[in-house]
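Working through the structure, step by step
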Amino acid sequence: MTLTASEAAARLAARAAAVIPGGVNSGQRRVPGLEELVVTATSGSTFTDADGRVYTDYHSAFGPPLLGHNDPDVDAAAAAAGRSVDLMGVGVTPVEIELAERLVDAVPSLEKVLLTCTGSEATFHALRLARTVTGRRYVIKFQGCYHGWHDAVAMNVISPAERVGAKDPLSGGILPEVLAATIVCRFNDAHDVERALDEHDGDVAAIIIEPIPHNIGAVLPKPGFLERLRELASKHGTVLVFDEVITGFRHGIGGYQSVAGVTPDLTTLGKAMANGWPVSALGGKAELMDLFSTTPGRPAFFAGTFNGHPATTAAALATIVKLQHEPVHEHVFALGDRARTGLQALYDRLGVPAVVSGFGSVFVSYFLEGPVESYDDLLRNDVDLFVGYRRELMKDGIFELPLNLKRSHFSYAHTDEDVDRLLEATEGAVTRYLGTRA
Ligand SMILES: Cc1ncc(COP(=O)(O)O)c(C=O)c1O
C-alpha cells in the first residue's frame, strides 16, 4: 500500500510520540496545531516538511542560523576539523585557541573565555562564578527574560497576568530555597532594581539580563537603563551578566554591548555563534574567569566532556570569520528595517492596533496599543491574532512560529523578494484572520 505524503508524515509523528515524550526533544517544539510537523530538510532560508511543503523560515530555530541553514563554509569547516582531530579530553586544540582569541578581540567585555555546548550551561556557570566570587546568595533576573533551564533562572518568562509580581517557575522540582534566592525585577525599571539591591544589601551576587529581552519578542532597553544597571552593579559589588545568547553575533560581532556601549562583567554567548552547531561561551574579566577550576585549585568548578569539541569549535570559528569578512549584518539589518517599516505601515493602513518592534535582523508584530516598555505591557497583546495570522501565513508557505510573543529572524540567505512576499502575505493573513472573527 502506498501512503500519501500526509499519511507518511502522520505515521512519522506517531512513531515519535510513541518513543519520545510529547514527540519532540525540547519543550517549545510541540506547537498546538502542528503536532504532526516533521521537518525533513533545511536549506538557506527554507525548510521542508515530511509532506513535501517548503516554507520560508523566519523562526530560524530560535535564532542560530544567522548565515542561513546549512551554510556551506561553516559546515565544511566542521567536517574538515572532525576529520583531522577528534575529541581528546586532555589539553587543548589549536582551533579552541584561535576561537578564544577571536572572541576576546571581538566582544568588549571578554578578557578570557570558556566554551560550553549550550547557553544554559553558560548562564549556569556565570551565576555560580558570581556566587563564588562574592560569597553572596541572591541573583536578580527580569520578568520576560529567559536564561535557560536551570533552577536559578527557570522562572518568570511569559507569565500569566496573575503571576506577574510573584514567582512563576517554569518547572516542578525547583527547591523553594532556590526560587527564593532569585529576585525578579521589572525590565526598564532601574528603581525596582535599586529597591531590590537595597533590600538585600550586600547579598546580591549577580544581575543577569538579556540586554534586549528577545524571549518576549523584542522589548528595547530605554536610553540609560543598561547604563544605570552598570552603575548600580558597580556600586553594590554585584556581578553584571549580559546574557547575549540571542543578541551576540546576531546584533553585531561585539554583541549588543558594543551597540549600547555598556560593558558587563560577564557575558554569555550561544545560538548564532556557530550558525546552528552546538557551541556557547562564557567570558568576561580575567580576574573573574581565572577563578574557574580550569586553573587547578581555583574554586569555581567547571567541566564538560564536549566543551570545545574541535568540529563545533571550527564551526564557530568559520561563522565568525564569515561575519567579519562578508556584509552579513548590513544585509540582514536592511531586510529587518524594510520589514519593520513595511509591517507597521500595513497595520496602520488596515487600522489594526499594532507595535512592530525588533532590532537588526529581528522583528515582531505585537497587536496592542503602545508603548511597549516592559513585560506587563505585553499582557495587552491580542494573543489570538498574534497566533492566528501566523497559522494563516503557513498557507502561503511562510513560517513564523505560531506561539505568543515569539520573535522572527532574517538570515543572510533571505532576500528582498522574501520581504516583499512577507509583507504581501502578512496583509492577506491578518485580513483573513480578522475576517474569521468578524
Ligand atoms: C537569552 C538566552 N539565554 C540562554 C538560553 C539557553 O540556551 P540553550 O537553549 O542553548 O541552553 C536561551 C535559549 O533560548 C536564551 O534565549
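Relevant structure appears above.
The structure contained in this document is the topic of the report that follows. (Residues numbered from 1 in each chain as written. Predicted model: local features only at pLDDT ≥ 70, side-chain atom pairs only at ≥ 80, totals over all residues. Heavy atoms only, no water.)

**Looking at the overall build of the chain**
- Looking only at helices and strands, one finds 14 helices and 14 strands in the chain.
- For a compact globule of 438 residues, the expected C-alpha radius of gyration is about 22 Å, and the chain comes in at 22 Å, within 12% of that figure.
- Its C-alpha atoms give the chain principal-axis dimensions of about 65 × 55 × 45 Å.
- Out of the 438 residues in the chain, the part that is buried amounts to 53%. (Helix = DSSP H or I, 4+ residues; strand = E, 2+ residues; numbered from the N terminus. Rg over C-alpha atoms; globule rule 2.2 N^0.38 Å. Buried < 20%, exposed > 50% of the residue type's maximum accessible area, 1.4 Å probe, protein only.)

**So, unusual backbone geometry**
- A cis amide bond links Gly-370 with the next residue in sequence, Pro-371, at an omega value of -5°.
- With respect to the helices and strands, Pro-371 occurs in the loop between β12 (362-366) and α12 (375-378).
- We note that Phe-249 has phi near 65°; this positive angle belongs to a residue other than glycine.
- Note on placement: Phe-249 falls in the loop between β8 (239-244) and α8 (255-260).
- Take Phe-249: its relative accessible area is 1%, and that puts it in the buried class.

**Brief notes about the packing of aromatic side chains**
- For the structure shown, the criterion picks out 14 aromatic pairs.
- Between Phe-142 and Phe-187 the ring centres are 6.3 Å apart and the planes differ by 85°, which places this aromatic pair in the edge-to-face class. With a gap of 45 residues between them, Phe-142 in strand β5 (residues 138-142) and Phe-187 in the loop between β6 (182-185) and α6 (190-199) connect regions that are remote in the sequence.
- The exposure class of Phe-142 is buried, given its relative accessible area of 0%. (Phe/Tyr/Trp six-rings, centres within 6.5 Å; stacked < 30°, edge-to-face > 60°.)

**Side note on the pattern of salt bridges**
- Within the structure shown, the criterion is met by 24 salt bridges.
- With its nearest N and O atoms 2.9 Å apart, the salt bridge here joins Glu-392 to Lys-395. Of this pair, Glu-392 and Lys-395 both sit in helix α13 (residues 383-395), 3 residues apart, roughly one helical turn.
- A salt bridge links Glu-392 to Arg-432; the nearest nitrogen and oxygen atoms lie 2.7 Å apart. Residue Glu-392 is found in helix α13, and its partner Arg-432 is found in helix α14 (residues 416-437); the two are separated by 40 residues along the sequence.
- Classification of Glu-392 as buried rests on a relative accessible area of 11%.
- Residue classification places Arg-432 among the partly exposed residues on the basis of a relative accessible area of 35%. (Salt bridge = Lys/Arg side-chain N within 4 Å of Asp/Glu carboxyl O.)

**As for the sheet that holds β12**
- In spatial order, the strands read β11-β12-β14; together these 3 strands make up an open sheet with antiparallel pairing. Each edge of the open sheet is held by one strand with a lone partner, namely β11 (355-359) and β14 (408-409).
- Pairing between β11 and β12: 5 bridges, direction antiparallel. Each residue of the ladder has a partner; that of Val-356, found in β12, is Ser-365.
- Contacts from helix α11 (residues 328-350) reach β11 and β12, with the element oriented near 175° to β11. (Pairing = 2+ DSSP bridges. Contact = heavy atoms within 4.5 Å. Axes fitted to C-alpha atoms, helices over the stretch in contact; angles between N-to-C directions.)

**A look at helix α2 (residues 72-84)**
- With 13 residues, α2 should cover 18 Å at 1.5 Å per step; its first-to-last C-alpha distance of 18 Å lies within 8% of that length.
- Among the residues of α2, those classed as buried are Val-74, Ala-78 and Ala-81. Viewed end-on, α2 has its buried residues packed into an arc of 70°, placing them on one side of the element. Residues of α2 that are exposed and angled more than 90 degrees away from the buried face: Pro-72, Arg-83 and Ser-84. (Expected span 1.5 Å × (residues − 1). Arc of directions from axis to C-beta.)

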